[in-house]
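Structure assessment
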Amino acid sequence: MTENVCVDIVEKLPVPFGLVRYGVAPDHPEVKNVINSFTHVARDKRCRYFGNLDVGNDVKIVDLLRSYHAVVLAYGAQANRKLNVSGETCDGVISASDFVGWYNGFPQNANLHLNLNCNTAVVLGHGNVALDVARMLLTPAQLLEKTDVAAHALDALKQSSIKRIIIAGRRGPLQVAFTIKELREMVRLPGSRPDLDTNDFIGVPEKISELPRQRKRLIELLCKTALEDPGNNETARRQAAQREWNLKFLHSPVEFESKIIEGVNSLVAVKFEQNRLDGNKAIRTGHTMSIPCGLAIKSVGYQSVSIDPDIPFDVHKGIIPNLCGRVVTPKDSATGLTSGIANTSHVVSKHYRVIPGLYCSGWIKTGPVGVILTTVNDALETAKSIYDDISGNVLQWDSRSRNGDVMDQFQKKLVTFSDWMRIDNYEILNGKVSGKPREKIVNVEKMLDVAFGDNKASK
Ligand SMILES: Cc1cc2nc3c(=O)[nH]c(=O)nc-3n(C[C@H](O)[C@H](O)[C@H](O)COP(=O)(O)OP(=O)(O)OC[C@H]3O[C@@H](n4cnc5c(N)ncnc54)[C@H](O)[C@@H]3O)c2cc1C
Ligand SMILES: NC(=O)c1ccc[n+]([C@@H]2O[C@H](COP(=O)([O-])OP(=O)(O)OC[C@H]3O[C@@H](n4cnc5c(N)ncnc54)[C@H](OP(=O)(O)O)[C@@H]3O)[C@@H](O)[C@H]2O)c1
C-alpha cells in the first residue's frame, strides 16, 4: 500500500542531519555513522531533500498541508531552557547549546565570544550535554585534531588556560541525568583527574541494590570513582594530570556575580544556594556559597519553540500536543488552520480533536530527552500512525494529490540532496588537508555557493 508514497524532507539549513551534525560531540564519530542510514533513505527515488527552507517563515504549515497528504513536524528543540538567574547576561555566561554549536561549526554560533583565558569554568547541569561540554574543554587539543571539530574552536581550545571544571547539579549522585559511557570517558580522560568529595557519597552505596540495572552500574562507577583507591598506576596518572573535574551536588545557581574588568561586565563567580533532598526533590536550605570562575556554561536542557502560530503548541511541556504523533488541538480552541483543514478534524476525546494529516516526531513530539535510537524508535510510532491513517482512509488519499510542485514555488533556491553532496565532498576534501574527516563550512552563504557551484543563491 505504501509503495507509492513519496516523501519530501524540508530543512531550514542548507545541510541535513540536525543534531547528529551539530550536537553529537566531534570525538564521538561512531555515533555519526547513523548519517549513512539517513543518506540511504534520502537516496531512495521516492524521497527528495529540500534544504534552505525555513518552515514557518518561508512557508506556512497550512500551505504544506494543502499540498501534501501528510505533514510531519520534526524540527527538534533548538532553544535553551531558561535558568532565570540574575547576572545571566554578563560576559562569561553562555549556554551549552551555543558552546556545542561553536565547537561543531553551527553557523549561528561560529563567532561565539567565550572566555577560555581563565583557570576555572563552571558547567551547570548533570546531563550528558554537561559531560560533553566538560570533556571538550578538558580534552588535550591534540586529541581533537583528527576529529571534525570546527577549526576556529580547535585553535581557541589550543590556547585555553582552563585547568579546572566544576560540574554542578541541583540534586544528588543518585539523581544524575548522564549515562555510564559518558561518565567512564570522563574518569579515563587523558590529562585530567576526577576530584569528587567523599562526603557527597555518604549513604549512596547502600542504595545501589535498589536501583534498576543501568542505573546500578552508573552509580557503582560514581561511587567507585569517589570512594575507592584506583590502584598505583591510575593514582600516578591522576597525580600527573594537569587538569581536573569535580562534580558538585545539591547546588542551585542563584546569581552570576560580575564586575567591570577592562570596561566589560565580566563574570567572576557563580553564587549557589545549597539544597537538601526530600525524596528526589531538591529543597533550598538558604545557605549560599560562591565559586570563583571566568566561564559558566548553562547546560540545563534544550527547549522546543513554536514556529508557526497556526499550529497548536503546549508552552508548559514545550511540545506539539499529540497522540502517538497525531497532532491534536483542544476541542474548543480556534487554531489558525483554515481552508477546511481544521473543519475536517475529528474529535478523539472530550477535550481533543485530531488535525488530520498533521503529525509530529522527535524532540518536538516528546520533549528534549533521549538519544538518537530513542528518537528513531519514536519516529516508528509516528510512521505507524500515518500508515494506519492511510489504511483507514483518514488521510483522504485520493482527494488531495500533490498540488503542482509546491517546492518550485519559492523565491529562494532550495538545496537538493545532490547539492548537499557537493557541500559534503567539499568539506571532506578540505578536511583531508589537515587529516580531519571533514572541515565544516561555518557560513550559510558559503554553503550555498558550494551547493550551487556559483554565487546565485536566489532565483
Ligand atoms: C549536544 C547534544 C549531543 C548529543 N549527543 C548524542 C550522542 O552522542 N548520541 C546520541 O544517541 N544522541 C545524542 N544526542 C541526542 C540526539 O541528538 C537527539 O535525540 C536527536 O537529534 C533528536 O532528533 P530530532 O530530529 O528531534 O531533532 P534535531 O536533530 O534537532 O533535528 C531537527 C532539524 O529540524 C531543523 N529545523 C528546525 N527548525 C526548522 C524550521 N523552522 N524549518 C525547517 N527545519 C527546521 C533543524 O535545523 C534540524 O536539522 C545529543 C543531543 C545534544 C543536544
Ligand atoms: N552521549 C550521548 O548519548 C548524549 C550526549 C548528549 C546528549 N544526549 C541526550 O540528549 C538529551 C538532552 O541532554 P541534556 O543534558 O541537555 O538534558 P538532561 O539530560 O535533561 O539534563 C539536564 C540537567 O539540567 C538540570 N537542570 C534542569 N533545570 C535546572 C535548573 N533550573 N537548575 C539547575 N539544574 C537544572 C537537570 O537536573 P534535574 O535532573 O534536577 O532536573 C539535569 O541534571 C538527554 O536525553 C541526553 O541523554 C546524549
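Residues numbered from 1 in each chain as written. Chains lettered and ligands numbered in written order. Predicted model: local features only at pLDDT ≥ 70, side-chain atom pairs only at ≥ 80, totals over all residues. Heavy atoms only, no water.

**Overview of the overall build of the protein**
Test applied: Per the convention used, a helix needs a DSSP run of H or I reaching at least four residues, while a strand needs a run of E reaching at least two, with both numbered from the N terminus. Throughout, the radius of gyration refers to the C-alpha atoms, and the reference size of a globule is 2.2 Å times the residue count to the power 0.38. Three labels apply to residues, based on accessible area from a 1.4 Å probe with only protein chains included: buried if under 20% of the type maximum, exposed if over 50%, partly exposed otherwise in between. Any two residues whose heavy atoms approach within 4.5 Å at even a single point are treated as in contact. In these tables, accessible area is a Shrake-Rupley quantity obtained with a 1.4 Å probe, and a residue counts as shielded only by the protein chains included in the view. His residues and chain termini do not enter the charge count, which takes Lys and Arg as positive and Asp and Glu as negative. By convention, the point assigned to a charge is CZ for Arg, NZ for Lys, CD for Glu and CG for Asp.
Assigned secondary structure in the protein consists of 14 helices and 18 strands. Since a compact globule built from 459 residues should have a radius of gyration of about 23 Å, the 24 Å found for the protein is in line with a globular shape. In terms of overall dimensions, the protein has a C-alpha envelope of 70 × 55 × 45 Å along the principal axes. Relative to its 459 residues, the protein shows a buried fraction of 47%. Put simply, 74% of the contacts in the protein that link residues at least 6 apart link residues at least 24 apart. Accessible area of the protein: about 22700 Å², with a carbon and sulfur share of 51%. Here the protein contributes 57 positively and 51 negatively charged side chains, and the mean placements of these two sets differ by 2 Å.

**Overview of the domain arrangement of the protein**
Often, the extent of an interface is quoted as the loss of accessible area on bringing the components together. The test is simple: Reported domain spans reflect what an automatic or database domain assignment gives. A simple way to read buried area is as the amount of 1.4 Å-probe accessible surface that goes missing from two parts once joined, with both sides added. The term salt bridge refers to a side-chain nitrogen of Lys or Arg lying within 4 Å of a carboxyl oxygen of Asp or Glu. Any residue outside Ala, Val, Leu, Ile, Met, Phe, Trp, Tyr, Cys, Pro, Asp, Glu, Lys and Arg is labelled polar, Gly included; the first ten of those are nonpolar and the last four are charged.
You can read the domains of the protein as domain 1 (2-78 + 307-325 + 334-452) and domain 2 (79-302). Just the C-alpha atoms count here: the centres of domain 1 and domain 2 sit 33 Å apart. With 26 residues of domain 1 at the interface, the matching set in domain 2 holds 27 residues. Buried area between domain 1 and domain 2, summed over both chains or domains, comes out near 2100 Å², and the portion from carbon and sulfur atoms is 55%. Our enumeration of links across domain 1 and domain 2 arrives at three salt bridges. Every element with two or more residues in the side of domain 1 that touches domain 2 is listed here: α1 (18-22) and α14 (444-452). Among the residues forming the side of domain 1 that touches domain 2, the class breakdown is 13 nonpolar, five polar and eight charged.

**Re the packing of aromatic side chains**
Just so we agree on the cut-off: Planes of paired rings set the category: under 30 degrees apart is stacked, over 60 is edge-to-face and the rest tilted, where pairs are Phe, Tyr or Trp rings (Trp by its six-membered ring) whose centres lie within 6.5 Å.
For the structure on display, the rule yields eight aromatic pairs. Between the aromatic rings of F17 and W420, the centroid separation amounts to 5.6 Å while the plane-to-plane angle is 85°, which identifies the pairing as edge-to-face. Of this pair, F17 sits in the loop between β1 (7-10) and α1 while W420 sits in helix α13 (residues 417-433), and the two are 403 residues apart along the sequence. Both residues of the pair, F17 and W420, count as buried.

**A word on the pattern of salt bridges**
With the rule as written, the count across this model stands at 28 salt bridges. As a salt-bridge pair, R326 and D389 come within 3.0 Å of each other at their nearest N and O atoms. Here R326 is found in strand β16 (residues 326-330), whereas its partner D389 is found in helix α12 (residues 372-391), with 63 residues between them in sequence. Residue D389 is classed as buried on the basis of its relative accessible area, which comes to 7%. Residues joined in a network through salt bridges with shared partners are R21, D424, E427 and R438.

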